[in-house]
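# Tertiary structure, described
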Amino acid sequence: MGTIEDLRERTRGLVVAEGDAEYDEARRVYNAMHDKRPRVVVRCENAGDVMAAVDFARTNELDLAVRGGSHSVPGFGTADGGVVIDLNAMRNVRVDPLTRTARAGGGATWGDFNSATHAFGLATTGGIVSTTGVGGLTLGGGIGYLARGLGLSCDNLVSADVVTADGRFLIASEKENDDLFWALRGGGGNFGVVTALEFRLAPVSTVYGGPMLFEMDDAAAVVTGFRDMIKDAPEQLGGFPAFQIAPPLPFIPENRHGEVFTLIVGCWAGDPDQGEAQIAKFREFAPVVAEMVGPMPYPVLNSAFDELVAPGLQHYWKANFVTELTDDAIQGHLRHAPGLPAVNSTVHIYPIDGACHRVTPDGTAFAYRDANFATVIAGMWPDPAQNEAGIEWVRSYYDDLAPLSESGGYINFMAGDDQGRIRDNYKQNYDRLVEVKRKYDPGNLFHLNQNIMP
Ligand SMILES: Cc1cc2nc3c(=O)[nH]c(=O)nc-3n(C[C@H](O)[C@H](O)[C@H](O)COP(=O)(O)OP(=O)(O)OC[C@H]3O[C@@H](n4cnc5c(N)ncnc54)[C@H](O)[C@@H]3O)c2cc1C
């Protein structure tokens, strides 16, 4: 299958090439820093289209990029002169309330997923922004409000449909191709194109939470208080401390808009009647400047920050796992957080204890089962003219914290220049991941990712 015409004949979805009316829209990715010109974008509608696109890329020896929710900060969802598999048309989510499972297309977003499962009073751990892709987030691990109680998103994965580098279709689960299933749960997009993901669900419907803002002068007390409290808190209590410039929202006093604050975004996913008492614990750390806390449907909390991170911003992120969030590390945050480059930028310190720790370190590819927090320094701003200063802010923040953190970090929060950290990110699991890579993708067709080299 050599030509684009051959590819068009074999696919039901649209194949968009340079010169086509849809080309500029089809090549656009979420992070506007990556303005690339692929040879073709294949808008796959089914696994057969994905097989055709994989075959086309392999036989023509072209770079292959895979895109679901398109949120890749390093821009792995596009490639100059390459083939893009765009799964945006494969977003259907089917819930089986009897078995409490849901099956999502490889391009579904968390908004698609949560709205489908919420209708049945069910949910699983997903990201905190509804436009993020289920596929990319889960394959890297998956951190969110429900992680302390339900584990990472990948811990709730039951099976995956996968098109491998040789164009074959496989099902990966505990029962079939279990080596592949192990690698998919944290190993990212290294092993194939996942055309559907099946998840275990839990009863979660109304949660109690939202953001609380505290003065930066109280930041040390707030972050220390959260660190000390969360380790013994019930696992249904999720959320995270953060640093953020106050956006112009009505619940924040107008004269404080544009100032940097310490936040706690809380999420109680247990009995809603206990919600106020659980969230009130955060108010003991320091006086609250503003808050928007209360009972709400889980999908509402899960999309509360969507507007701050609309498509088209410039992104540069870095990340580390943290086992002990030391007082020195908190001081490091306090030195850098006041320099947040834009209202869109943020720093989150996600607790990943509880159920995340109950999976053994070699039980899935996701290796850091003893880390207590995952930190992300998420640089986001609208104007490309801010790139140099913004990237410098992220790097110097990260450099200051690195000696006080683990050497590895969460692959989904990392930059494109973090390829050198792959072995550290996977530590004891790295060699086994290389073995699985050699079995399923010996030619490294899937290399536009935090790459595990065969
Ligand atoms: C605004 C924002 C909020 C975020 N919030 C969270 C969060 O709360 N928790 C969290 O854990 N992470 C979060 N992330 C990080 C997120 O997990 C990663 O960016 C992830 O890669 C996004 O997946 P995607 O499908 O949207 O992106 P894409 O760009 O579509 O995909 C990223 C990469 O993942 C792989 N991939 C994606 N789908 C497939 C598939 N179906 N089959 C095979 N490979 C695939 C490919 O290698 C692809 O290049 C966030 C990112 C952003 C930008």
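Here the structure is shown first, and the text comes after it.
Residues numbered from 1 in each chain as written. Predicted model: local features only at pLDDT ≥ 70, side-chain atom pairs only at ≥ 80, totals over all residues. Heavy atoms only, no water.

A word on the site of the ligand. Taken together, the neighbourhood of the ligand is formed by 34 residues, with Gly68, Ser70, Gly133, Ile143 and Tyr410 sitting nearest. Residue Ile128 places a main-chain N or O atom 2.8 Å away from an oxygen atom belonging to the ligand. At 3.1 Å from an oxygen atom of the ligand is found a side-chain nitrogen or oxygen belonging to Asn412. When isolated, the ligand has an accessible area of 940 Å², and the protein chains bury 96% of it. Of all elements in the fold, only strand E3 (64-67), helix H5 (134-140) and strand E10 (193-200) reach the threshold of two or more residues within the shell around the ligand. Ranked by residue count, the leading element in the shell around the ligand is H5, at four residues. (Near = heavy atom within 4 Å. Polar contact = N/O pair within 3.5 Å; in protein donor to acceptor, adjacent residues only side chain to side chain. Areas by Shrake-Rupley, 256 points an atom, 1.4 Å probe, with all protein chains shown as cover. Helix = DSSP H or I, 4+ residues; strand = E, 2+ residues; numbered from the N terminus.)

This next bit is on the sheet that holds strand E4 (residues 83-86). Spatially, four strands are ordered E1-E2-E4-E3 in an open sheet, and the strand pairing comes out mixed. At either end of the open sheet lies a strand with only one pairing partner, and these are strand E1 (15-17) and E3. Going from strand to strand, the sheet's axes swing by 20° on average, the running direction of each strand aside. Seen against the sheet, helix H3 (residues 47-59) touches strand E2 (40-43), E3 and E4 and runs at an angle of roughly 165° to E4. (Pairing = 2+ DSSP bridges. Axes fitted to C-alpha atoms, helices over the stretch in contact; angles between N-to-C directions. Contact = heavy atoms within 4.5 Å.)

The tally for this structure, following the rule as stated, stands at 32 salt bridges. Here Glu45 and Arg12 are joined by a salt bridge, their closest N and O atoms 3.7 Å apart. Remark: Arg12 occurs in the loop between helix H1 (4-10) and E1 and Glu45 occurs in the loop between E2 and H3; sequence separation between them is 33 residues. With relative accessibility at 40%, the residue Glu45 sits in the partly exposed group. Classification of Arg12 by relative accessible area gives exposed; the value is 67%. (Salt bridge = Lys/Arg side-chain N within 4 Å of Asp/Glu carboxyl O. Buried < 20%, exposed > 50% of the residue type's maximum accessible area, 1.4 Å probe, protein only.)

Okay, the side chain of Arg185 next. Checked against the element boundaries, Arg185 lands in the loop between helix H7 (178-184) and E10. When its relative accessible area of 8% is taken as the criterion, Arg185 is described as buried. At 3.0 Å, the side chain of Arg185 forms a polar contact with the backbone oxygen of Phe181. When neighbours within four sequence positions are excluded, Arg185 is seen to be in contact with Leu139, Cys154, Leu157, Glu174, Gly363, Thr364, Ala365 and Phe366.

What follows concerns the sheet that holds E10. Strand order in the open sheet made by the five strands is E5-E6-E10-E8-E9, with antiparallel pairing throughout. For this open sheet the edge positions go to strand E5 (93-96) and strand E9 (169-173), each flanked by a neighbour on one side alone. Between one strand and the next, the sheet's axes are offset by a mean angle of 15°, whatever the strand orientation. In terms of strand pairing, strand E6 (residues 101-105) meets E10 through five bridges, oriented antiparallel. Pairing of Ala102 across the sheet is with Phe199, part of E10. Each of E5, E6 and E10 touches helix H4 (residues 110-118); the most contacted strand, E5, lies at about 30° to it.

Of note, Val347 is situated in strand E18 (residues 346-351). By relative accessible area, Val347 is classed as buried at 0%. Once the C-alpha coordinates of Val347 and Lys439 are considered, the two residues, 92 residues apart in sequence, prove to be 38 Å apart.

With that settled, consider unusual backbone geometry. One non-glycine residue, Ser70, lies in positive phi territory at about 75°. Looking at where Ser70 falls in the secondary structure, it is placed in the loop between E3 and E4. Despite not being glycine, Asn444 has its phi angle at roughly 55°, a positive value. Here Asn444 is to be found in the segment after helix H14 (430-440).

Looking now at the layout of surface pockets. Space inside the largest pocket adds up to approximately 590 Å³. If you go around the largest pocket, you meet 25 residues; those closest to its centre are Arg28, Val29, Tyr30, Arg67 and Ser70. Tallying contributions element by element places helix H2 (residues 23-27) first for the lining of the largest pocket, with four residues. Its residues assigned to classes, the lining of the largest pocket shows six nonpolar, 10 polar and nine charged. There is about 330 Å³ of room inside the second largest pocket. (1 Å grid on protein atoms, 1.4 Å probe; cavity = no way out; pocket = protein on both sides within 12 Å on 5 of 7 lines; lining within 4 Å. Points joined across faces, edges and corners; volume = space filled by probe spheres on them. Nonpolar A, V, L, I, M, F, W, Y, C, P; charged D, E, K, R; others polar.)

In short, the description is geometric, and any link to function would need to be established separately.
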